[in-house]
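# Architecture and fold: a report
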Amino acid sequence: MNFIVKIVQPSGILNGVTANKMRLEISDVIDKGADIVLVDFQDVTFMNSSGLGVLISTLRVVHAGGKQLFICSLNEQVKMIFELTKMNCVFKTFANREEFEQKVLIN
Amino acid sequence: MDLQPSLLQQEAERINRERSQLVNPLQPIKNLVLKITKNNPIIQSFQLQVNTDLSALAQVLSWFDQLRQPSIPNTIWLGCKTALAEGFDNAVCHAHQQLPPETPIDIEVTFFTQSLEIRIWDSGSAFDFEAHLQQLAEEIDETAESGRGVKIMQQIADYLSYTRTPDNRNCLLIIKSYSP
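The written sequence of each chain sets the order in which its residues are numbered from 1. As a convention, the first chain written is A and the first ligand written is 1, with the rest following in written order. At least 70 in pLDDT is required for a residue's local features to be given in this predicted model, at least 80 for side-chain atom pairs to be given and counted, and no such filter applies to totals for whole chains, interfaces and linings, which use all residues. Derived side-chain values reflect all non-hydrogen atoms in the structure, with water molecules and hydrogen atoms excluded from consideration.

### Some points on a nonpolar patch on the surface
- Patches here are clusters of residues that have more than 30% relative accessible area and form no salt bridge, with a 9 Å joining cutoff for like charges and a 5 Å cutoff for nonpolar side chains (Val, Leu, Ile, Met, Phe, Trp, Tyr). Note that accessible areas follow from Shrake-Rupley with a 1.4 Å probe, and for residues the cover is restricted to the protein chains shown. For this analysis, a salt bridge means a side-chain nitrogen from Lys or Arg found within 4 Å of a carboxyl oxygen belonging to Asp or Glu. A contiguous nonpolar surface patch, about 250 Å² in accessible area, is contributed by Leu 26, Ile 29 and Val 33 of chain B.
- Mapped onto the fold, Leu 26 of chain B is located in helix 2 (residues 26-37). Where helices and strands are cited, they refer to DSSP runs of H or I of at least four residues and of E of at least two residues respectively, numbered from the N terminus.

Below you can see the structure in the form of structure tokens.
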């Protein structure tokens, strides 16, 4: 069975405002038929709890629609905020796109 | 009025008891201040004023980054940066929710040799921070969309307070100590 995978790549600072742009992008790729969304944090320099809050509610919407959301390439600050809020247990994260491809797409 | 010595004595004892009840809880705070200031002279202090605007976060973060002292370990620095961003977000979204965008938010960072202090002043109304902390401790919704900021600051800071100032503002204080 083939899954449609789409990558969303936000950049800069993710706060309540900029994360909303990411939320719209994610729901857009889901509307266009994606089964799996990978949010690549490669170009995200900083995230605060409002940005994380938007990501959490987006995850909930994606799961409710029977789709999947993964994240990869978190920098040290983003990792820190995921750990402090224990959201590292809620999100499936990968070191980079290659690891995501190996572990999710090949299996 | 006829003041009787025994009544005066009783009154003096009562005042003394109340005084010690007020002074005793202060001791742990005094000890903490001593611990932090001992061998820990102030190096420098920096100020920044920004508007009530979420997009000013970029300016706040780059300002903070250029103050970086080489002796501060990276995780400490990232933690302080994260806490600063949460404090700023709270000032804009909560304290200044009803105030115009030109309302200033004042930020000050003070470096000591083994600690740093971040202060953020807002012009919001008075707020019972202790009650809010208590309420947060009782909340268990791990997947709520908002309400994580204060918890994050609490986890990062060695000392966190939010107090009313004499000029009718609020001051958020974050103290983080470190070993260089």
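Moving on from the model shown.
### Side note on the interface of chain B and chain A
- At the interface, 22 residues of chain B touch 22 residues of chain A.
- Accessible area that two parts lose when put together, evaluated with a 1.4 Å probe and summed over both, is termed the buried area. Buried surface at the junction of chain B and chain A, summed over both partners, amounts to about 1,900 Å²; 62% is from carbon and sulfur atoms.
- What qualifies as a polar contact is a pair of N or O atoms within 3.5 Å, subject to a donor-acceptor requirement within protein and to the restriction that residues adjacent in sequence count only when both atoms come from side chains. For the pair chain B and chain A, the interface holds six residue pairs in polar contact (both at pLDDT 80 or more).
- Mapped onto the side of chain B that touches chain A, the elements with two or more residues apiece are helix 3 (57-65), helix 4 (74-95) and helix 6 (149-156) of chain B.
- Among the elements that make up the side of chain B that touches chain A, the one with the highest residue count is helix 4 of chain B (nine residues).
- Looking at the side of chain B that touches chain A residue by residue, the class counts come to nine nonpolar, seven polar and six charged. Note on definitions: a residue-residue contact is assigned when non-hydrogen atoms from the two residues lie within 4.5 Å. Each residue receives one of three labels: charged for Asp, Glu, Lys and Arg, nonpolar for Ala, Val, Leu, Ile, Met, Phe, Trp, Tyr, Cys and Pro, and polar for the others, Gly being one of them.

### Notes on the pattern of salt bridges
Residues and elements named next belong to chain B.
- Taken as a whole, this structure holds nine salt bridges over all chains when the rule is applied.
- Glu 117 serves as the salt-bridge partner of Arg 119, at 3.0 Å between the closest nitrogen and oxygen.
- Note on classification: 1.4 Å probe, protein chains only; a residue is buried when its accessible area is under 20% of the maximum for its type, exposed when over 50%, partly exposed between these limits. Exposure remark for Glu 117: the relative accessible area of 10% places this residue in the buried category.
- Linked by salt bridges that have partners in common, Glu 11, Arg 14 and Glu 18 make up one network.

### Observations regarding the sheet that holds strand 2 (residues 105-112) of chain B
Residues and elements named next belong to chain B.
- Whether two strands pair depends on DSSP finding at least two bridges between them. Here we have five strands laid out as an open sheet, ordered 1-2-3-5-4, and antiparallel in their pairing. Looking at strand neighbours, the two that pair on one side only are strand 1 (42-50) and strand 4 (159-164), the edges of this open sheet. Strand-to-strand twist across the sheet, computed as the mean angle between neighbouring axes with direction ignored, equals 15°.
- For strand 4 and strand 5 (residues 170-177), the ladder comprises six bridges, and the chain directions are antiparallel. Across the sheet, Tyr 162 pairs through a bridge with Leu 172, a residue of strand 5. Axes, fitted as lines to C-alpha atoms, cover a helix only where it is in contact. Angles between the N-to-C directions of the axes lie from 0 to 180 degrees.

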